[in-house]
Amino acid sequence: MIHIENLHKKFGELEVLKGVDLDVQNGEVVSIVGPSGTGKSTLLRCINYLERPEKGIIDVDGFRIDAEHHSRKDVYTLRKQSSMIFQNFNLISNKTVLENIMLSPVVVQKKSKEEARAAAEEILHKIGLSDKINAKPSTLSGGQQQRVAIARAIAIGANVMLFDEPTSALDPSLVGEVLNLIRDLAQTHQRTMLIVTHEMQFAHTISDRIVYMDAGVIVEQGSPDEFFNHPKEEKTKQFLKFYHLKDKE
Ligand SMILES: Nc1ncnc2c1ncn2[C@@H]1O[C@H](COP(=O)(O)OP(=O)(O)OP(=O)(O)O)[C@@H](O)[C@H]1O
Ligand SMILES: [Mg+2]
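Residues numbered from 1 in each chain as written. Chains lettered and ligands numbered in written order. Predicted model: local features only at pLDDT ≥ 70, side-chain atom pairs only at ≥ 80, totals over all residues.

Trainee: I keep staring at the packing of helix α3 (residues 97-107) against helix α4 (residues 113-126) and nothing clicks. Help me out?
Mentor: Two quantities define a packed helix pair, namely the angle between the helix axes and the distance between the axes. In the contact formed by α3 and α4, the axes pass within 9 Å of each other and the chain directions differ by 130 degrees. What the angle tells us is that α3 and α4 run oblique. The element α3 and its partner α4 pack so that their crossing is right-handed. In this structure, α3 uses Leu-98, Ile-101, Met-102, Pro-105 and Val-106 to contact α4, whose residues at the interface are Lys-113, Ala-116, Arg-117, Ala-119, Ala-120 and Ile-123. In terms of residue class, the contact of α3 with α4 is built from nine nonpolar, no polar and two charged. (Axes fitted to C-alpha atoms, helices over the stretch in contact; angles between N-to-C directions. Helix = DSSP H or I, 4+ residues; strand = E, 2+ residues; numbered from the N terminus. Parallel < 35°, antiparallel > 145°, perpendicular 65-115°, else oblique. Left-handed = near helix turned anticlockwise from the far one by under 90°. Contact = placed C-beta atoms within 7 Å. Nonpolar A, V, L, I, M, F, W, Y, C, P; charged D, E, K, R; others polar.)

Listed below in structure tokens is the structure:
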């Protein structure tokens, strides 16, 4: 579960988040769409405090932080409530696939190496990458690297998964395998997911709800059918028109 209330974030003079309110229920899949530079990544990064908001409430799976009053330990606890999947995978290049996946369970969660290894092997088997267990990330395709990054996020065991354009760095031919994995995770594992994406077709099929962000605020939200077929706000209509044109190219 994610609860965000009146969230504000500035970079210097630039006001990027201007009072964002958002709720995501347990097991719900919500996609955030919107033009470039409107604060989508910043919002996601604030949820696990990769960016520090100036004001607002963030509650992830029952752990609540007030941006104006919190300790370092609070930030550390909040971070453990979610796991993030980045556009550029962010795997550690000099560690193998197995070591990347085991790192957080061993170092942060203090699991035994045996237990972490067994769990990592099982996840790799499920996502069809058992043969890459001892490979270094640089020897994998982009799609495989992103699937390993998702495996690492699964191993962390947080209920809440945050995806920031998980397919935008991929060759178009590799997008499908990553989207299929995310779809499978959403359907069979009931994770709570917040996904920033420009893949409208994917957002349409996977999401319980679509959130449209523009210029630091949430302009409109609704079910995929409401959002894509019956948008209410003028800004949303303009944004979707652009995507319809792109689809026809
Ligand atoms: N670390 C930073 N320092 C200064 N400005 C930043 C920083 N990160 C983001 N910004 C600015 O904040 C605004 C919002 O950026 P953000 O990355 O959240 O947009 P976005 O909606 O994710 O865009 P995109 O769809 O292109 O990924 C932009 O104007 C960006 O230049
Ligand atoms: Mg972004």
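Trainee: Would you explain the pairing of strand β5 (residues 63-66) in this entry?
Mentor: Side-chain direction in a regular strand flips from residue to residue, so the side chains alternate between the two faces of the sheet. One ladder, built from four bridges, connects strand β4 (residues 55-60) with β5; its direction is antiparallel. Considered in β5, the bridge of Ile-57 is made with Asp-66. The turn linking β4 back onto β5 is made up of two residues, and Asp-61 within it adopts a positive phi angle of 50 degrees. (Pairing = 2+ DSSP bridges.)

Trainee: Is there a simple way to explain the site of ligand 1 in this structure?
Mentor: The environment of ligand 1 is made up of Phe-11, Leu-14, Val-16, Ser-36, Gly-37, Thr-38, Gly-39, Lys-40, Ser-41 and Thr-42. Elements represented by at least two residues in the shell around ligand 1 include exactly β2 (14-24) and α1 (40-47). Considering every element that reaches the shell around ligand 1, the biggest residue donor is α1, with three residues. A class-by-class count of the residues in the shell around ligand 1 yields three nonpolar, six polar and one charged. (Near = placed C-beta within 6 Å.)

Trainee: Is there a simple way to explain α1 in this structure?
Mentor: Each α-helix winds once per 3.6 residues, and so residues spaced three or four apart point in a common direction. In terms of residue burial, α1 counts as a mostly covered element, since six of its eight residues are buried. What α1 keeps buried is the set Lys-40, Thr-42, Leu-43, Leu-44, Cys-46 and Ile-47. One or two positions beyond α1, positive phi appears at Tyr-49, with a value near 60 degrees. (Buried ≥ 20, exposed ≤ 12 C-beta atoms within 10 Å, placed from the backbone.)

Trainee: Would you mind going over the sheet that holds β4 with me for this structure?
Mentor: Strand order in the open sheet formed by four strands is β2-β1-β4-β5, with antiparallel pairing between adjacent strands. With partners counted over all chains shown, the strands left at the sheet margins are β2 and β5, one partner each. Averaged over all pairs of adjacent strands, the angle between strand axes in this sheet comes to 20 degrees, irrespective of strand direction. As paired elements, strand β1 (residues 2-11) and β4 share five bridges and run antiparallel to each other. Residue Ile-4 lies in a different strand from β4, and its bridge partner there is Ile-58. Docked against the sheet, helix α2 (residues 72-79) engages β4 and β5, running at close to 135 degrees with respect to β5.

Trainee: How should the sheet that holds strand β6 (residues 82-85) be read in this particular structure?
Mentor: Strand pairs in the sheet, formed through backbone hydrogen bonds, run parallel or antiparallel to each other. Taken in spatial order, the six strands line up as β6-β7-β8-β3-β9-β10 in an open sheet, and their pairing is mixed. Looking at which strands have only one partner, the edges of the open sheet turn out to be β6 and β10 (217-222). Averaged over all adjacent pairs, the angle separating strand axes in this sheet is 20 degrees, with direction ignored. Relative to strand β7 (residues 160-164), β6 is paired through four bridges, and the arrangement is parallel. Residue pairing in the sheet places Ile-85 in a bridge with Phe-163 of β7. Lying on the sheet, helix α5 (residues 142-156) is in contact with β6 and β7; it crosses β6 at an angle near 175 degrees.

Trainee: Please clarify how the environment of Glu-234 should be interpreted in this entry.
Mentor: Relative to the helices and strands, Glu-234 is located in helix α9 (residues 234-248). By C-beta crowding, Glu-234 is classed as exposed, having 9 other C-beta atoms within 10 Å. Measuring from C-alpha to C-alpha, the distance between Glu-234 and Gly-56 comes to 28 Å, with 178 residues separating the pair along the chain.

Trainee: Sorry, what's going on with helix α6 (residues 172-189) here?
Mentor: The first and last C-alpha atoms of α6 sit 26 Å apart over 18 residues, in line with the 26 Å expected at 1.5 Å per residue. Buried within α6 are the following residues: Val-178, Leu-179, Leu-181, Ile-182, Leu-185 and Ala-186. Buried residues along α6 cover an arc of 155 degrees about the axis, so they all sit on one side. Opposite its buried face, α6 presents the exposed residues Ser-173, Asp-184, Gln-187 and Thr-188, each directed more than 90 degrees away. Looking at the buried positions of α6, the neighbouring elements they touch are β3 (29-33), α5, β7, β8 (192-196) and α7 (200-206). At the C-terminal side of α6, Gln-190 shows a positive phi close to 55 degrees. (Expected span 1.5 Å × (residues − 1). Arc of directions from axis to C-beta.)

Trainee: So what exactly am I meant to see when it comes to the pairing of β3 here?
Mentor: With five of its five residues buried, β3 lies for the most part within the structure. Burial of β3 is two-sided: the residues Val-29, Ser-31 and Val-33 facing one way and the residues Val-30 and Ile-32 facing the other way are all buried. Taken together, the four bridges between β3 and strand β9 (residues 209-214) define a ladder with parallel strand orientation. Considered in β9, the bridge of Val-33 is made with Tyr-212.

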